[in-house]
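Structure assessment
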Protein chains: 4
Amino acid sequence: MTRRLRVAMIGGGKDAFIGAVHRHAMALDGRYELVAGAFSSSAEKAIASGKELGIADDRNHPDWRALLADEQRRPAHERVDLVVIVTPNHLHYDVAKAFVDAGFHVACDKPLVHTRAQADELVELVKQRGTAFAVTYNYTGYPMVREARELVKAGVIGKVRKVIVEYHQGWLAGAMERTSNKQSSWRTDPVQSGPGGALGDIGTHAENLLHTITGLEIEQLCAELTSFGAGRTLDDDASVLLRLTNSARGVLMASQMAIGHENDLRIRVFGETGSLDWRQEEPNTLIHSPLDEPPRKLTRGSANLSDAAKRACRLPPGHPEGFIEAFANLYTDLAADLRNNTRSGDYPRIEDGARGVRFVERAVASNGLWIDF
Amino acid sequence: MTRRLRVAMIGGGKDAFIGAVHRHAMALDGRYELVAGAFSSSAEKAIASGKELGIADDRNHPDWRALLADEQRRPAHERVDLVVIVTPNHLHYDVAKAFVDAGFHVACDKPLVHTRAQADELVELVKQRGTAFAVTYNYTGYPMVREARELVKAGVIGKVRKVIVEYHQGWLAGAMERTSNKQSSWRTDPVQSGPGGALGDIGTHAENLLHTITGLEIEQLCAELTSFGAGRTLDDDASVLLRLTNSARGVLMASQMAIGHENDLRIRVFGETGSLDWRQEEPNTLIHSPLDEPPRKLTRGSANLSDAAKRACRLPPGHPEGFIEAFANLYTDLAADLRNNTRSGDYPRIEDGARGVRFVERAVASNGLWIDF
Amino acid sequence: MTRRLRVAMIGGGKDAFIGAVHRHAMALDGRYELVAGAFSSSAEKAIASGKELGIADDRNHPDWRALLADEQRRPAHERVDLVVIVTPNHLHYDVAKAFVDAGFHVACDKPLVHTRAQADELVELVKQRGTAFAVTYNYTGYPMVREARELVKAGVIGKVRKVIVEYHQGWLAGAMERTSNKQSSWRTDPVQSGPGGALGDIGTHAENLLHTITGLEIEQLCAELTSFGAGRTLDDDASVLLRLTNSARGVLMASQMAIGHENDLRIRVFGETGSLDWRQEEPNTLIHSPLDEPPRKLTRGSANLSDAAKRACRLPPGHPEGFIEAFANLYTDLAADLRNNTRSGDYPRIEDGARGVRFVERAVASNGLWIDF
Amino acid sequence: MTRRLRVAMIGGGKDAFIGAVHRHAMALDGRYELVAGAFSSSAEKAIASGKELGIADDRNHPDWRALLADEQRRPAHERVDLVVIVTPNHLHYDVAKAFVDAGFHVACDKPLVHTRAQADELVELVKQRGTAFAVTYNYTGYPMVREARELVKAGVIGKVRKVIVEYHQGWLAGAMERTSNKQSSWRTDPVQSGPGGALGDIGTHAENLLHTITGLEIEQLCAELTSFGAGRTLDDDASVLLRLTNSARGVLMASQMAIGHENDLRIRVFGETGSLDWRQEEPNTLIHSPLDEPPRKLTRGSANLSDAAKRACRLPPGHPEGFIEAFANLYTDLAADLRNNTRSGDYPRIEDGARGVRFVERAVASNGLWIDF
């Protein structure tokens, strides 16, 4: 066995939801070791979080710039192999830019950055530096999402005609941001979250899922954004009509005031000879309906799946794998790229992140009218 | 027991789908008796169909005008109590107008007519004549649809914020109209069906369901209509964004090329303090999700339903009632109005039919832009 | 069209659940006309019920013996074609015997009678008289039950190894029989219901479903019967192990104190090369799982069903048909036998009824031990 | 942060299913470090497996006795904190006995051992040595299983009347053991697996789940064991009637030839005032049906769960946690006991393992008759 890859984490301190998820995901398959961090923009909280996570004092930093400086000083055999960025969105740009510029490989949460200009700049920089850059659209790590992608690619449902992708949550139906909920406060603040509310937080996942599975690009969109929560400036509900490449059509819905839905990302892809239906809350199954034949329930772990899906399974059918496992699949594929210095792994790239930023930007700009993407 | 109501049927001969449904629905509760008919626009087929249905020769007519003339000649105690119109859509206008004008009560299938002008004229005529006029938006007859309406009315889910209503079918995914399928040939022909394809055939059901349950009206809409089937002139897929009264928002989807969906009408209503979710293919249940509480599965026949829902149940919980039973509920409520000469029954009226016609007309006119309703 | 078949009903007066179901079922397809009745063992209630149902005075009888005498007096062209017996169970025997003996065709609810001796006698009598005798095990009328039977018969799942059939209801979980609920009072009374409680009321349906679909017979059984309700003398819960013909095994469960289940009859048939799974509360689908292939959802109304299933469908896929429709299918098939004087229709016979009586008798006798059937 | 606990693993080499699961589970929360192993009974395979897993050469042993000797030689600060036993069942006894006797803490897979005598001996030994001993009945680690247990304990469904627990798999429906499938060959071999086939492999999980959630003990049982697979000596199908403490009744089914079921463990608990329904394949939900009220869908991660359930959640509602997470919960709770030298953690103990052994033994002895447990 080769050594574990060394990781530094920026953000993701105490009480942060997504930082802990990244740590579980990296731990699951034993390919990574968290050795350094700057876990918060509050120096005090950063240090405390690092201690709790067992980070050695000399690699537990009060801010990310100190971490970067320290890593640059270290010899290669000590230096981290990967920098994981899990700060609130508004910090992604500065942090990612600095680390990529310094030649570090990066895994960054989504949405990538706030503006298309920032995104384009980063894409260019990554290209120049040749570093690996994963954007953790984690839902693409689910085996049955990969199976869906492979089935579309293999022509099993024919030319894609229409895609309906919806991401419904209900947790912002009340006025969560006025309670002490840390998640809701920054996610409803445009300075920290960017121009999109539900659109940025979950709509980008929906957009990415659509693109990942179908390979289609948005050509034009018409977006209706609404803020139902009193005093909320960002959208908490978005309904978007899409015109896609290859004459396909789409509907994308993202809402965080949809009571009764917890984390209900669903995609339906309708082709000329079949359809696919996948739901994140029951991620181990994928419904494939061939034209004029009974729907079939495909299941994770089955012998008849594609290689791409099989590689993403740890357990036999009927032994549910969940959110962390899907997340871990991205890290596993990234690990192979880092070890072999390849760039061919099965995980979303900075271009996917940039597409998401553009999606938010164009949807906000649409203001109810059809505009080009 | 009072006598059965006498019914004449226009259209609905051999091989017609919806005519047979109306007959089953009228038969189920024993309140109607089919005594007269002009079952087809082909005289020969009309007569043959009537014979098969056991209609007496003197009331089995080669065309609807003959039937109307005959009925007008008959004494009141023989004359039909109700005329049921189940012809292809393009004939609704002439037939309905003639019978209403002559003072007959009518039940007419949807979509009501082809144009808003025709619809408005009929609405006015019905008002003048004072006749009963039911439009068979049959899905409103389901007990759990009525329960949903009552829950919204009672404020159980608070102010309605958003409605997602979708009606997905897959039967036109292939090129059914070039086969011998009678249903598909007239339903994809604009002359017979009117300006809407999927929009008219099933989108109007979706629009009516939204209105029935929430009481909200469409103020503006933005519709994307598409014909995926080769050589098809009418839409077989429609995605419509809605701005509703009381600042609510909506998404309405109707498609007949959605492989894997059979007759999948679903409505989700999101309010400030709860949501409702109902699917026609599992019509005996209604999911009610209160804010911050577990979702509850409400079931047809239960003791804790509203009176309006209970009145629509024949059987105890767990004994499924289906499509015909829902249809029959409209006829049962209409029967009470006919018997008591009231107009208070729980069934859709000509105004609902007119709203549907307007919906199709405005959606076609929208052409991807927001327009006023 | 031929004339409607004339029907007399014994039992099924006001407030009776199953009588009304039979009437709806007979009405649905327009093949029957209820012309005579003795609707209750209370003369007063019998007459009142008949009036309400529109029965002519001279055929509305205070008791069934009067009805029988009257029918025997009438000329053939007036006499009823069918006698429907929907009394409480303890009256089935006398009534059925008298009518069969007099040469009438009969449809009788289940369980047929109280004892095996009575059942055998009736079987013999029906054979002698040559009359039609349907036992309304209504669940066999569901199209997807027939599809299951045809699939087994065609060998699609291979040799049957095991059957699990369960019928769970929760309505007797409380002490319903001490409230005013008419259903629960007679169903928990051994004098009226017979030796089986849940076993007789719903266990017999489960036993019949098993036999209908698989064609297998019980060779030995081991039954655990329990009365959970305080002061209840009949079982409200039964768990039965079965050894079936052809070396198959079975588990049959019937319970009326299973809170959370409404009328939840489910059967799973496991064969050497596939399995079937059907649930009464979602009767329009049947899951077929072939060995080493994804499960397929077969749906009522589909083009790829067997003829036996197709004949039992009125509506296209996705338009739910329910309990009454299944019930009506038995009556429709019986009507053909009555009209053509054949005995080949697709409905349960007196032998099935007798098998059910024996099942109850043997299960009660088992008392926790394996005994021969 | 305290140091990671050092672990030695016995068995679980290349191609072993459950060994890998244990490693993922230990890795997930970062509390354990695998430092030693004897990964196979084949010395060559053991060493190769250890190398692949990154075990240092001096702690990578050709057999478990060598490992034990080596560990006993090491100073406390090097010695492993926990020995994980994941060998085929027939080796559990010798290995567990040796390590417990030497004072090591143990986590052992189920079924614990082959005979009740062995089990009793181990129970006694553990008591004497005072070591921690977890038996990895992993399904008890699911948050919603813990929620079910807490709800029963709190009296939310009243006195338990009946439990139906079923564990259905289909993977042995064909003749898997004659193919190269490693899992099926040892699991169908009585020498390696013990006296129970499906009964031991999955029936013990069912038995443990029943006991864990309800706290009830089996008083008497009547078991029907069958081998459907040609030439198979162990049962591949078991149906067991149970008489439980407190006058409750139960049905336990375990089958590995149930085509269409992958790993379908389900438990239904019926009480006097409510019921619970949980399925392993959708482990994030638990249906609670209160008497006379609509069923409620409780979900993992919700604010209204018990503390015991909440402690077992890593993610918010709607973010599925699966099999490995449940498994990891046992290890997390065991870690606390190991660190604090307590024995109060929420994981199954050797007594639970012994109960499972006894269950298999008594079910085999029953041979279709009721016998005392």
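Given the structure is predicted, the values throughout are model-derived calculations rather than measurements.

**Details of the overall build of chain A**
Helix and strand counts for chain A come out as 12 helices and 14 strands. The C-alpha atoms of chain A give 20 Å as radius of gyration, which agrees with the globular expectation for 373 residues (21 Å, within 12%). Principal-axis analysis of the C-alpha atoms places the extent of chain A at approximately 65 × 50 × 40 Å. The buried share among the 373 residues of chain A stands at 66%. Contacts in chain A between residues at least 24 apart in sequence constitute 68% of all its contacts with a sequence separation of at least 6.

**Some points on the sheet that holds strand β3 (residues 82-86) of chain D**
Residue and element names in this part refer to chain D. Spatially, β2-β1-β3-β4-β5 is the arrangement adopted by the five strands of the open sheet, whose pairing is parallel. Each edge of the sheet is formed by a strand with only one pairing partner; in this case those strands are β2 (32-38) and β5 (133-135). Averaged over all neighbouring strand pairs, the angle between strand axes comes to 20°, with direction disregarded. Across three bridges, the pairing between β3 and strand β4 (residues 106-108) is parallel. Paired with V83 across the strands is V106, a residue of β4. Helix-sheet contacts for helix α4 (residues 92-101) involve β1 (5-11), β3, β4 and β5, and the interaxial angle to β3 is about 175°.

**Details of the sheet that holds strand β4 (residues 106-108) of chain A**
The pairing of strands in a sheet happens through backbone hydrogen bonds and is either parallel or antiparallel. Residue and element names in this part refer to chain A. Strand order in this open sheet of five strands is β2-β1-β3-β4-β5, and the pairing throughout is parallel. Every interior strand has two partners, whereas the edge strands, β2 (32-38) and β5 (133-135), have only one. The mean angle between the axes of side-by-side strands here comes to 20°, regardless of whether they run parallel or antiparallel. Where strand β1 (residues 5-11) and β2 come together, six bridges link them in parallel fashion. Paired with M9 across the two strands is G37, which belongs to β2.

**Re the relation of the copies chain B and chain A**
Superposing the two chain copies requires a rotation about an axis and a translation along that axis. Structural alignment of chain B on chain A gives an RMSD of 0.0 Å, achieved by rotating through 180° and translating 0.0 Å along the axis. Such a combination of turn and shift is consistent with a two-fold rotation axis. Within chain B, the C-alpha atom positioned nearest to the axis of rotation is that of L369 of chain B, 3.4 Å from it. Counting the interface residues of chain B, we find that 100% of their copies in chain A are interface residues as well, pointing to one common contact surface.

**Here's the deal with the relation of the copies chain C and chain D**
Superposing chain C onto chain D takes a rotation of 180° plus a shift of 0.0 Å along the axis, which leaves an RMSD of 0.0 Å. Of the residues that chain C buries at the interface, 100% are likewise interface residues in chain D, meaning the two copies contact each other through the same surface.

**Here we look at unusual backbone geometry**
Looking along the chain, the bond that leaves K110 of chain B and enters P111 of chain B is cis, with omega of -10°. Here P111 of chain B shows up in the loop between β4 (106-108) and α5 (116-129). Although it is not a glycine, N367 of chain B adopts a positive phi angle of roughly 50°. Relative to the assigned elements, N367 of chain B resides in the loop between α12 (350-366) and β14 (370-372). The backbone phi angle of N246 of chain D is positive, close to 65°, even though this residue is not glycine. For N246 of chain D, the location among the structural elements is in the loop between β8 (237-244) and β9 (249-255).

**Overview of the interface of chain B and chain A**
Across the contact, 39 residues belong to chain B and 39 residues belong to chain A. Overall, the association of chain B and chain A removes approximately 3100 Å² of surface from exposure, summing both partners, and the carbon and sulfur fraction of that is 59%. On inspection of chain B and its partner chain A, the count reaches eight salt bridges. With its nearest N and O atoms 2.8 Å apart, the salt bridge here joins R249 of chain B to E224 of chain A. One can count 16 residue pairs in polar contact (both at pLDDT 80 or more) joining chain B with chain A. For the side of chain B that touches chain A, the residue count by class is 15 nonpolar, 14 polar and 10 charged.

**Thoughts on the pattern of salt bridges**
On inspection of all chains with the given rule, the structure shows 140 salt bridges over all chains. Salt-bridge contacts for R73 of chain B lead to D70 of chain B; the nearest nitrogen and oxygen are separated by 3.5 Å. Taken together, the residues R73 of chain B and D70 of chain B, both in helix α3 (residues 64-73) and three residues apart, mark about one turn of the helix. K162 of chain D is the partner of D237 of chain C in a salt bridge, and the nearest nitrogen-oxygen pair spans 3.0 Å. Linking D237 of chain C in strand β8 (residues 237-244) with K162 of chain D in strand β6 (residues 160-168), this pair reaches from one chain into another. Accessibility expressed as a relative area gives 1% for K162 of chain D, which makes it buried.

**Let's talk about the interface of chain C and chain D**
On the side of chain D, 39 residues touch chain C, which itself brings 39 residues to the contact. Here chain C meets chain D over a buried area of about 3100 Å², counting both sides, of which 59% is carbon and sulfur. On inspection of chain C and its partner chain D, the count reaches eight salt bridges. Of all elements in the fold, only β6 (160-168), β7 (218-226), β8, β9 (249-255), β10 (264-271), β11 (274-279) and β12 (285-290) of chain C reach the threshold of two or more residues within the side of chain C that touches chain D. For the side of chain C that touches chain D, the per-class residue count stands at 15 nonpolar, 14 polar and 10 charged.

**Section: the side chain of R161 of chain D**
With respect to the secondary-structure elements, R161 of chain D resides in strand β6. It turns out R161 of chain D is buried and unbridged, and the closest side chain with the opposite charge, E272 of chain D, is 4.1 Å from it. Non-local contacts of R161 of chain D, meaning those with residues more than four positions away in its chain, are made with A173, F228, G229 and M257 of chain C together with A248, R249, F270, G271 and E272 of chain D.

Definitions and limits used
Throughout this description, residue numbers start from 1 for each chain and increase along the sequence as written. Chains carry letters from A onward and ligands carry numbers from 1 onward, assigned in written order. In keeping with the model being predicted, local features are shown solely for residues with a pLDDT of at least 70 and side-chain atom pairs are shown and tallied solely at 80 or more, while totals for entire chains, interfaces and linings include all residues. To get the side-chain values, all heavy atoms of the structure are used, and hydrogens and water are removed first. Working definition: helices are DSSP H or I runs of at least four residues, strands are E runs of at least two. Numbering for both runs from the N terminus. Note that the radius of gyration is over C-alpha atoms, with the globule rule given as 2.2 Å times the number of residues to the power 0.38. Summary of the burial criterion: residues with accessible area below 20% of their type's maximum are buried, those above 50% are exposed, and those between are partly exposed, where the area comes from a 1.4 Å probe applied to protein chains only. Any two residues having at least one pair of non-hydrogen atoms within 4.5 Å are treated as being in contact. Think of it this way: DSSP has to see at least two bridges between two strands before they count as a pair. Angles run from 0 to 180 degrees between N-to-C directions of axes, and those axes are lines fitted to C-alpha atoms, restricted for helices to the stretch in contact. Least squares is the method used to superpose the copies, on C-alpha atoms of residues holding a pLDDT of at least 70 in both. Buried area counts how much accessible surface, traced with a 1.4 Å probe, disappears from two parts once they are put together, with both parts' losses summed. Any carboxyl oxygen of Asp or Glu within 4 Å of a side-chain nitrogen of Lys or Arg constitutes a salt bridge here. Here a polar contact is recorded for every N or O atom pair within 3.5 Å, except that within protein the pair must consist of a potential hydrogen donor and a potential acceptor, and residues adjacent in sequence are included only if both atoms are side-chain atoms. Only Asp, Glu, Lys and Arg are considered charged, only Ala, Val, Leu, Ile, Met, Phe, Trp, Tyr, Cys and Pro nonpolar, and every remaining residue, Gly among them, polar. None of His or the chain ends enter the tally, which takes Lys and Arg as positive and Asp and Glu as negative.

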